[in-house]
Every structure is written in structure tokens, then in C-alpha cells.
Amino acid sequence: ASSLPRTRPRFEDTAWNQGLLKESGVYWKHFVKIMEFPSHAVFLAVLQTAFLVLFALFVRYHPNADSRYASPTSAMRELIKERGENEADPMEHALLYPMFQDVHVMIFLGIGFLLTFLKRYGFSSVGYNLMIGVVSMEWALLVTGFFHMHEHHGTIPVNLAGLLAAEFSAATVLISFCVVLGKTTPNQLLVMAMLEIPIYITNEYIGRSYIGAVDIGDGMFIHLFAAMFGLAVSFVLQRPDQETVKLGSTKTSDLFAMVGSIFLWLFWPSFNAAFAVGAAQHRTIINTYVSLTGCTVTTFFTSAFVHPNRKFDMVHIANASLAGGVVMGSIGDMMVQPAGALGAGCAAGLICSLGFTYITPWMHSKLRIHDICGVFNLHGMPGLLTGLLSVLLAGIASEEGYGYSLYSIFPLRAPHNGTEHLEEIQAVMNVQASEGRSALQQAGAQAAALLMCIVVPTVGGLVTGLVMRSPAINILTADEFYDDQKYWRMEEEQVGDSSGTTK
């Protein structure tokens with residue numbers, strides 16, 4: 001039996017792990033034996049057990065999904081009144097569920113198949129996308145709930161809006177995952193998800209609740225944040241042996257990636273408009289769609305211009321054509337007008353396509369950042385652009401351009417309580433009294449949030465990358481990069497031999 005080849009190399013046998021152990025001064029015999037176990041399965045089992053316990057202790061149905069609130073007894077009515085709560089709205093989910101389903105498709109089908117371009121990493125691309133996505137959703141429900149438990153008598157209520165917010169959190173982790181695609185183990189990805197989710201939620205909570213920034217489609221809070229976080233992780237994990245012959249695509253793998261891209265393209269208006277309401281939601285859908293069309297056309301002609309033989313590049317088409325959705329992230333509900341949305345989409349497609357051609361190679365050679373999926377081009381630069389545009393548009397927003405809906409788009413600009421102007425507004429629409437911010441102050445809040453979405457994920461990503469490099473976590477060898485075989489049962493392993501046994 002000792003002569004049989006190992007399907008999983010011993011932890012201490014790889015040169016990379018020897019170096020890490022030597023650098024950290026850790027080389028314990030018992031530690032090495034522990035690393036011989038399938039730790040990714042153990043890690044997942046422990047995580048799920050912990051989530052199950054926490055859900056049992058804290059998570060409950062939101063009143064709108066709780067039958068006790070839908071048809072309350074007299075005693076329940078007294079309890080609702082005592083707590084200052086409202087009886088259930090059984091139709092709350094009806095308008096949100098179509099948007100939720102669209103985002104669901106984007107997260108698990110769109111992103112998953114967009115990542116299948118690597119010729120020997122298809123199982124991992126789709127499979128890890130599903131695994132990390134659902135783990136991130138469960139963890140996000142808990143972390144978000146912990147921020148608001150004091151408002152719900154020590155419980156975490158779950159409704160459809162909460163599930164949708166958890167999917168947005170999962171999208172953040174999956175975008176960062178794209179930067180290190182093919183170079184990480186399941187354990188490293190799980191660690192990244194467990195650390196990134198609290199940092200993301202804290203960053204967003206501060207940005208919305210304390211700074212008062214608005215970001216309807218999370219152009220800053222998700223796209224820019226996730227890109228910077230992933231780039232920082234990649235910088236720390238950078239290795240001289242990460243360029244292998246397995247790093248590449250085929251016609252078939254690029255075709256599958258394009259299918260994922262089309263699903264993302266089709267449903268992106270729902271992603272941006274999911275949490276908008278009324279005319280703002282209608283406007284966000286229009287702006288996002290118009291922006292995507294302009295971006296796509298620009299991507300096609302830019303791709304041909306930069307190719308020596310004036311041919312289209314499928315890498316550009318599958319990725320840069322989506323930048324129009326990102327660039328509407330922070331400004332989708334603002335009065336940009338269709339021409340403005342079209343122009344922003346064209347600009348996003350241009351910078352994204354040029355980024356794949358010029359910026360990604362420069363970052364790799366000069367900054368030691370290997371951005372395998374071009375996340376900085378698709379999410380980072382358009383995320384930065386939408387943040388800057390939100391500063392500009394917030395600074396010029398006025399009642400003349402928005403009417404009284406100005407105060408639903410920018411809630412902190414609503415007048416102070418007791419003012420005559422507030423009474424005039426409330427006679428027309430339901431607006432809560434607020435700080436009475438000026439346009440310049442709101443623009444400053446947008447700028448502050450933009451800066452925070454660069455600094456916080458960069459620092460958080462560097463720290464997370466250091467944890468992921470720890471010798472306590474499985475790390476791939478060079479010949480295991482961009483290959484499904486280490487962690488997935490492959491077709492050749494399922495074929496029976498001549499004796500009828502399964503290999």
C-alpha cells in the first residue's frame with residue numbers, strides 16, 4: 001500500500017509550504033499530521049454547525065412572514081401594541097420577489113459561468129461560486145442581524161429584503177474571489193468569506209448610517225469595495241510560480257463564460273433597482289439598461305481597435321460589456337437623463353476594454369498584482385467612476401430637477417422638524433424630518449464614502465491575505481493552480497476498469 005501514489009501530497013512535502021513553515025518557525029509533527037486530514041470538509045462542517053446553532057438561538061421570521069402577526073389573537077395584538085410593532089403586511093414580498101429571483105440568477109448562474117473561462121477549472125469555478133455564495137449568505141444574515149438585534153428584542157428577523165441584502169453581501173465576496181480564481185484552496189476561500197463579510201457590512205453600515213451616503217445599486221459599497229479587497233488579497237498571495245501552462249482558455253470555455261455574461265447583462269437592471277421604489281425604481285431600470293447598451297457597443301468597437309488584426313476579443317466582450325451596469329450603481333436613481341446614462345455607459349465600456357489591454361498587464365508586472373479576471377477593469381474603475389459621478393450629481397441636485405422626491409433620493413437633505421418647508425413637503429408625500437443638508441454637504445458625504453470604499457477594503461484585504469497565507473491553511477502548489485483535479489472527482493476517476501471496479 002505504501003507504494004501507491006498519493007492523491008494528496010503531504011503538507012510538508014511541498015517547497016512552498018516548507019518555506020512558510022520555516023519563515024514562521026512552525027514545524028510541529030502533530031500539526032503536520034492534522035493537515036493530512038480533509039480539512040476543507042471539516043471546516044465546512046464546523047461552519048455549518050455553528051451557523052445552525054446561531055440560527056436556532058437568534059433567527060426568527062420577520063412579522064410579515066409570521067402567521068402570528070398575519071392573524072393575531074387578542075393576546076398577540078396586545079403584545080404587538082406593547083412592542084410598538086405593526087401587524088403583518090402579507091403582500092410585502094410580492095413586488096420584491098421578481099427582483100430577488102433576478103439577483104439570484106445573477107449570483108449563482110451569471111457569476112458562476114462567467115468564471116468558467118479557465119480551461120481546466122470549470123468544476124471549481126461553478127462549484128466554489130455556489131459554495132462560497134451560500135456560506136456568505138448565511139454568515140451575512142447573522143452579521144447584519146447582530147447590528148440590529150437591539151431593535152428587535154434580541155432576535156434577528158428574516159424577510160425577503162433581508163435575504164436580498166444577504167445576496168448582495170455574497171456578491172461582494174464572489175467579486176473578490178474572481179481576483180484570486182484558480183490560486184486558492186477551499187479553506188482559503190472560506191476564510192476570505194468569513195473575514196470579508198463583517199468588514200463589508202461594517203463599511204456599508206458606517207457609510208449609510210453615519211456618513212449618510214446614497215448608493216442605490218452599491219457601485220461603491222459592493223463593486224469598488226470588492227475590487228479593492230480582492231486586489232489587496234492578491235497582492236499578499238502573489239507568488240513567482242503562479243504562471244503555468246494551465247492558465248488559459250479554450251473556445252468552449254470562453255463560450256460558457258459568455259453565457260454567464262449574458263445572464264448578468266440581462267438581469268443587471270434588477271440588481272441596481274432592487275431596493276429602489278416608485279419612480280426611482282423605474283428610472284434606475286431605464287438608466288441601467290440604456291447604460292448597458294452604450295457600454296456594449298463601445299466595447300465591441302474598442303476591442304476591435306486595440307487588436308492588431310482588428311478582431312473582437314471575447315475577453316473584452318464577456319466582461320467590459322457589463323461595465324455599464326456597474327457605472328449606474330451609485331447614480332441609477334438620480335436624474336442623469338437617458339443621454340447621461342448612455343454617455344456613462346460608453347465611458348465605462350471604453351475604460352474597461354482599455355484596462356484589459358493595458359492596465360491589467362501593467363499591474364501584474366509593476367505592482368505584483370495578478371488580477372486573473374480583470375476585476376479592477378470591470379468593477380474597480382467603473383465603481384470609482386460611478387462614485388465620482390455621484391459626488392457631482394449630488395452636488396447639483398435641487399428641487400427644480402427632482403421635485404420633492406429629492407428628499408427620498410437624498411433623505412438627509414430633508415428639512416428640520418417643525419419647519420414650514422417640511423410641512424409643505426409632507427402635504428404631498430411621506431418624508432421624514434432630517435438634517436437639512438445642502439447639496440454641497442451631500443456631495444461631501446458621497447466623496448467620504450468613496451474614499452472609505454478604497455481605504456477600508458485595501459487594509460482589510462491585506463490583513464485577510466496574510467491570514468490566508470498562514471501555514472495553518474492548505475495552500476496550493478504550483479502544479480495545482482488552475483486545475484480541478486485536487487479537490488474534484490474527475491470523469492476519468494469515475495470510469496470503471498476492466499475488472500469492474502471503480503477507480
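As recorded by an unreviewed UniProt entry, the protein chain carries the name Ammonium transporter AmtB-like domain-containing protein and is attributed to Meganyctiphanes norvegica. Taken verbatim from the UniProt record of the protein chain, the Subcellular location (unreviewed entry) comment is "Membrane".

## Quick notes on the overall build of the protein chain
Broken down by element type, the protein chain carries 21 helices and two strands. Out of the 503 residues in the protein chain, the part that is buried amounts to 50%. Within the protein chain, residue pairs in contact and separated by at least 24 positions form 77% of the contacts whose partners lie at least 6 positions apart. Of the roughly 23,200 Å² of accessible surface on the protein chain, a fraction of 65% belongs to carbon and sulfur atoms.

## A word on helix α11 (residues 251-273)
If you check α11, its first and last C-alpha atoms are 34 Å apart, about what 23 residues at 1.5 Å a residue would give, namely 33 Å. Helix geometry: α11 is bent most strongly at Phe267, by close to 50°, with proline Pro269 lying one to four residues after it.

## Observations concerning unusual backbone geometry
Even without glycine at this site, Gln337 takes up a positive phi of about 70°. Along the polypeptide, Gln337 turns up in helix α15 (residues 337-366). At Arg368, a position not held by glycine, the phi torsion is positive, near 60°. On the secondary structure map, Arg368 appears in the loop between α15 and α16 (375-396). Looking at Arg368, the relative accessible area reads 39%, which means it is partly exposed.

## Looking at the nonpolar core
Among the nonpolar cores identified, the biggest contains 127 residues, and Leu181 and Phe410 are the most heavily contacted of them. Contact partners of Leu181, with chain neighbours within four places excluded, come to Leu115, Phe117, Leu118, Tyr121, Ser125, Ile372, Cys373 and Tyr482.

## Considerations on the environment of Ile132
Secondary-structure assignment places Ile132 in helix α7 (residues 122-148). Put simply, Ile132 and Ala193 are 61 residues apart on the chain and 7.0 Å apart in space, counted from C-alpha to C-alpha. Setting aside chain neighbours within four positions, we find Ile132 in contact with Val173, Leu174, Leu189, Leu190 and Ala193.

## Looking at the confidence of the model for the protein chain
This prediction gives the protein chain a mean pLDDT of 87; 86% of its residues lie at or above 70. A low-confidence stretch, residues 1-9 (pLDDT under 50), is modelled with nine contacts involving residues beyond four sequence positions or located in other chains. Of the regions scoring below 50 in pLDDT, residues 494-503 engages in 10 contacts with residues more than four places distant in sequence or in other chains.

## Focus: the pattern of salt bridges
Where charged atoms of side chains with opposite charge meet at close range, the side chains can pair. All chains considered together, the criterion is met by six salt bridges. In this structure, the salt-bridge partner of Arg437 is Glu435, at a minimum N-O distance of 3.1 Å. Note on Arg437: relative accessible area 12%, which makes it buried. A single salt-bridge network, built from bridges that share partners, covers Arg120, Lys246 and Asp483.

## Focus: the side chain of Asp333
Within the secondary structure layout, Asp333 lies in the loop between α14 (323-327) and α15. Dropping the residues within four chain positions of it, Asp333 is found in contact with Ile216, Ala280, Arg283, Thr284 and Ile409.

## Regarding a nonpolar patch on the surface
A contiguous nonpolar patch, built from Leu195, Leu451, Val455, Val459, Val463 and Val467 and spanning about 470 Å² of accessible area, is present on the exposed surface. With five residues, helix α20 (residues 439-468) is the largest single contributor of residues to the nonpolar patch. By the element assignment, Leu451 lies in helix α20. A relative accessible area of 53% means that Leu451 is categorised as exposed.

## Thoughts on the packing of helix α9 (residues 186-211) against helix α10 (residues 219-237)
Two quantities define a packed helix pair, namely the angle between the helix axes and the distance between the axes. At a closest axis distance of 11 Å, the pairing of α9 and α10 adopts a crossing angle of 140°. Between α9 and α10, the angle is such that the two are oblique. In this structure, α9 crosses over α10, and the sense of that crossing is right-handed. From α9, Gln188, Met192, Glu196, Ile199, Tyr200, Asn203, Glu204, Gly207 and Arg208 reach across to α10, where they touch Phe221, Ile222, Phe225, Ala226, Phe229, Val233 and Leu237. Partitioning the contact of α9 with α10 into residue classes produces 10 nonpolar, three polar and three charged.

## Details of the side chain of Thr184
Along the chain, Thr184 turns up in the loop between α8 (160-179) and α9. Residue Thr184 is classed as buried on the basis of its relative accessible area, which comes to 1%. When near neighbours in sequence (up to four residues on either side) are disregarded, Thr184 contacts Tyr121, Leu189, Leu237, Met468 and Leu476.

## Focus: the packing of aromatic side chains
Following the criterion strictly, the structure yields 20 aromatic pairs and no others. Judged by centre distance (6.4 Å) and plane angle (25°), the rings of Phe263 and Phe267 are stacked. Here the residue Phe263 and the residue Phe267 both occupy positions in helix α11, the gap between them amounting to four residues, near one helical turn. Taking the centre distance of 6.0 Å and the plane angle of 65° together, the rings of Phe301 and Phe305 count as edge-to-face. In this pair, Phe301 and Phe305 are both assigned in helix α12 (residues 278-306), four residues apart and thus about one turn of the helix distant. Through a chain of ring-to-ring contacts, the aromatic side chains of Tyr121, Phe123, Tyr128 and Trp488 assemble into a single cluster.

## Examining the packing of helix α3 (residues 39-58) against α7
Between α3 and α7, the least distance of the axes is 11 Å, while the angle of their chain directions is 35°. When you trace α3 past α7, the crossing you get is left-handed. Together, Leu44, Leu47, Gln48, Phe51, Leu54, Phe55 and Phe58 of α3 and Met131, Val135, Glu138, Trp139, Leu141, Leu142 and Phe146 of α7 make up the contact between the two elements. Split by residue class, the contact of α3 with α7 holds 12 nonpolar, one polar and one charged.

About the cut-offs
In this numbering scheme, every chain counts its residues from 1 along its sequence in written order. Under the rules for a predicted model, residues below a pLDDT of 70 receive no local features and side-chain atom pairs below 80 are neither given nor counted, while totals for whole chains, interfaces and linings still include all residues. Heavy atoms from the whole structure form the basis of all side-chain values; hydrogens and water molecules are not counted. UniProt positions are given in the numbering used here, feature names are shortened, and annotations may be inferred rather than shown by experiment. Numbering of helices and strands runs from the N terminus, with a helix taken as a DSSP run of H or I at least four residues long and a strand as a DSSP run of E at least two residues long. Burial here depends on accessible area, computed with a 1.4 Å probe over protein chains only, as a share of the maximum for the residue type. Under 20% is buried, over 50% is exposed, and the range in between is partly exposed. Working rule for contacts: check all heavy atoms of both residues, and any pair within 4.5 Å makes them a contact. To be clear on the numbers: accessible area is Shrake-Rupley with a 1.4 Å probe, and residue cover counts the displayed protein chains and nothing else. To estimate the expected span of a helix, count its residues, drop one, and scale the result by 1.5 Å. Here the bend at a residue means the angle between the axes of two seven-residue stretches, the one that ends at it and the one that starts at it. Buried Ala, Val, Leu, Ile, Met, Phe, Trp, Tyr and Cys residues form a nonpolar core when they are joined through side-chain atoms within 4.5 Å. A residue's pLDDT is simply how confident the predictor is in it, with values from 0 to 100. Salt-bridge detection follows one rule: a side-chain nitrogen of Lys or Arg within 4 Å of a carboxyl oxygen of Asp or Glu. Patch members must show over 30% relative accessible area and no salt bridge, and they are joined within 9 Å when carrying like charges or within 5 Å when they are nonpolar side chains of Val, Leu, Ile, Met, Phe, Trp or Tyr. Note on definitions: angles span 0 to 180 degrees between N-to-C directions of axes, and those axes are lines fitted to C-alpha atoms, for helices only across the stretch in contact. When describing relative orientation, an angle under 35 degrees is termed roughly parallel and one over 145 degrees roughly antiparallel, while 65 to 115 degrees is termed roughly perpendicular and anything else oblique. The handedness criterion is simple: a crossing whose near helix is rotated anticlockwise from the far helix by less than a right angle is left-handed, and one whose near helix is rotated clockwise is right-handed. Note that Gly is not counted as nonpolar here; it falls among the polar residues with everything else outside the nonpolar set of Ala, Val, Leu, Ile, Met, Phe, Trp, Tyr, Cys and Pro and the charged set of Asp, Glu, Lys and Arg. By convention, a stacked pair of Phe, Tyr or Trp rings (six-membered ring in the case of Trp) has centres within 6.5 Å and planes under 30 degrees apart, an edge-to-face pair has planes over 60 apart, and any other such pair is tilted.

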